[in-house]
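# Observations on chain architecture
For reference, the chains in residue letters:
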Amino acid sequence: MRVCQVIDRLRGGGQERVAVEFARGLAGSIDCSAILATREGGDYERLLEGRDVQVFIAGRKGKWDIPAWKRVSRWLADIRPDIVHTHSPGSLFNMVLLRALTGLEYRIVAHQQMLPARGTLWRKEAIVIHRLTRYAVSRTIVTNEGLRNLLVEVCKIPPNTIDVMFNPADFDEQIQRKRP
């Protein structure tokens with residue numbers, strides 16, 4: 001088994017830490033545990049030192065130009081992942097597109113802790129991404145029933161492909177309460 005976690009950067013919040021800890025936990029028990037950081041490195045790189053985790057940082061300063069796409073394509077071809085585990089709508093879209101462009105065969109697991117705040121352009125874009133990729137994804141992991149219901153009802157993701165791994169924080173409600 002070869003598993004690649006895809007995150008924006010090797011620092012920051014919960015999704016990045018979850019991916020790094022998951023990659024660390026898999027190291028040594030599978031053929032390949034890898035992290036693809038789509039934008040930049042960071043503090044979590046030192047958590048991976050001495051572990052059998054392959055790390056690749058794709059973009060420079062947040063830009064995915066043609067050379068970055070080529071570098072990622074070559075790296076994915078080298079590690080040949082069986083499963084690609086994405087942690088954001090952007091990385092989900094990129095991995096679906098890369099799979100189609102390269103002909104690589106890997107299953108995609110989309111992990112969504114939250115969507116961007118209601119009423120924002122990025123939330124609308126995230127919903128479009130989930131609609132477009134719904135049949136390319138093997139499983140979707142969400143952290144609450146509200147997000148599951150949104151993905152089923154609005155994004156039309158088949159309900160039998162969504163798993164809820166409960167997180168007591170309702171991020172959408174927290175964001176709404178902070179707004180005036």
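The preceding data block contains the structure.
Computed from a prediction, not measured in an experiment: that's the story for all the values here.

## Looking at helix α5 (residues 145-153)
Every buried residue belonging to α5 is among Leu147, Arg148, Leu150 and Leu151, and all of these are buried. The arc enclosing the buried residues of α5, seen along the axis, measures out at 160 degrees, which places them on a common side. Residues of α5 that are buried in the fold lie against β5 (107-112), α4 (121-133), β6 (139-142) and β7 (162-164). Where α5 begins, the capping side chain belongs to Asn144, and its oxygen is found 3.1 Å from the backbone nitrogen of Gly146.

## Overview of empty space enclosed by the protein
Under the defined criterion, the tally for this structure stands at one cavity of 30 Å³ or more. Quantified by volume, the largest cavity comes out at close to 30 Å³. Lining the largest cavity, in full, are Leu92, Ala110, His130, Thr133, Arg134, Val137, Thr140 and Ile157. The class makeup of the residues in the lining of the largest cavity is four nonpolar, three polar and one charged.

## Comments concerning the packing of aromatic side chains
Applying the stated criterion to the full structure yields one aromatic pair. Seen in terms of ring centroids, Phe56 and Trp75 are 5.2 Å apart; in terms of plane orientation they differ by 15 degrees. Their pairing is stacked. Residue Phe56 is found in strand β3 (residues 53-57), and its partner Trp75 is found in helix α2 (residues 66-79); the two are separated by 19 residues along the sequence.

## Some words on the layout of surface pockets
When its volume is computed, the largest pocket comes out at roughly 230 Å³. For the largest pocket, the lining is made up of 13 residues, of which Gln15, His87, Ser88, Gln113 and Met114 are closest to its centre. Sort the elements by how many residues they give to the lining of the largest pocket and helix α1 (residues 14-26) lands first, with three residues. In terms of residue class, the lining of the largest pocket is made up of five nonpolar, seven polar and one charged. Quantified by volume, the second largest pocket comes out at close to 170 Å³. For the second largest pocket, the lining is made up of 10 residues, of which Asp8, Thr38, Gly90, Ser91 and Asn94 are closest to its centre. Residue assignment for the lining of the second largest pocket shows that the elements contributing at least two residues are β2 (32-40) and α3 (89-102). When residues in the lining of the second largest pocket are grouped by element, the largest group, three residues, is from α3. Tallied by class, residues from the lining of the second largest pocket come to two nonpolar, six polar and two charged.

About the cut-offs
Residues numbered from 1 in each chain as written. Predicted model: local features only at pLDDT ≥ 70, side-chain atom pairs only at ≥ 80, totals over all residues. Heavy atoms only, no water. Buried < 20%, exposed > 50% of the residue type's maximum accessible area, 1.4 Å probe, protein only. Helix = DSSP H or I, 4+ residues; strand = E, 2+ residues; numbered from the N terminus. Arc of directions from axis to C-beta. Contact = heavy atoms within 4.5 Å. Polar contact = N/O pair within 3.5 Å; in protein donor to acceptor, adjacent residues only side chain to side chain. 1 Å grid on protein atoms, 1.4 Å probe; cavity = no way out; pocket = protein on both sides within 12 Å on 5 of 7 lines; lining within 4 Å. Points joined across faces, edges and corners; volume = space filled by probe spheres on them. Nonpolar A, V, L, I, M, F, W, Y, C, P; charged D, E, K, R; others polar. Phe/Tyr/Trp six-rings, centres within 6.5 Å; stacked < 30°, edge-to-face > 60°.

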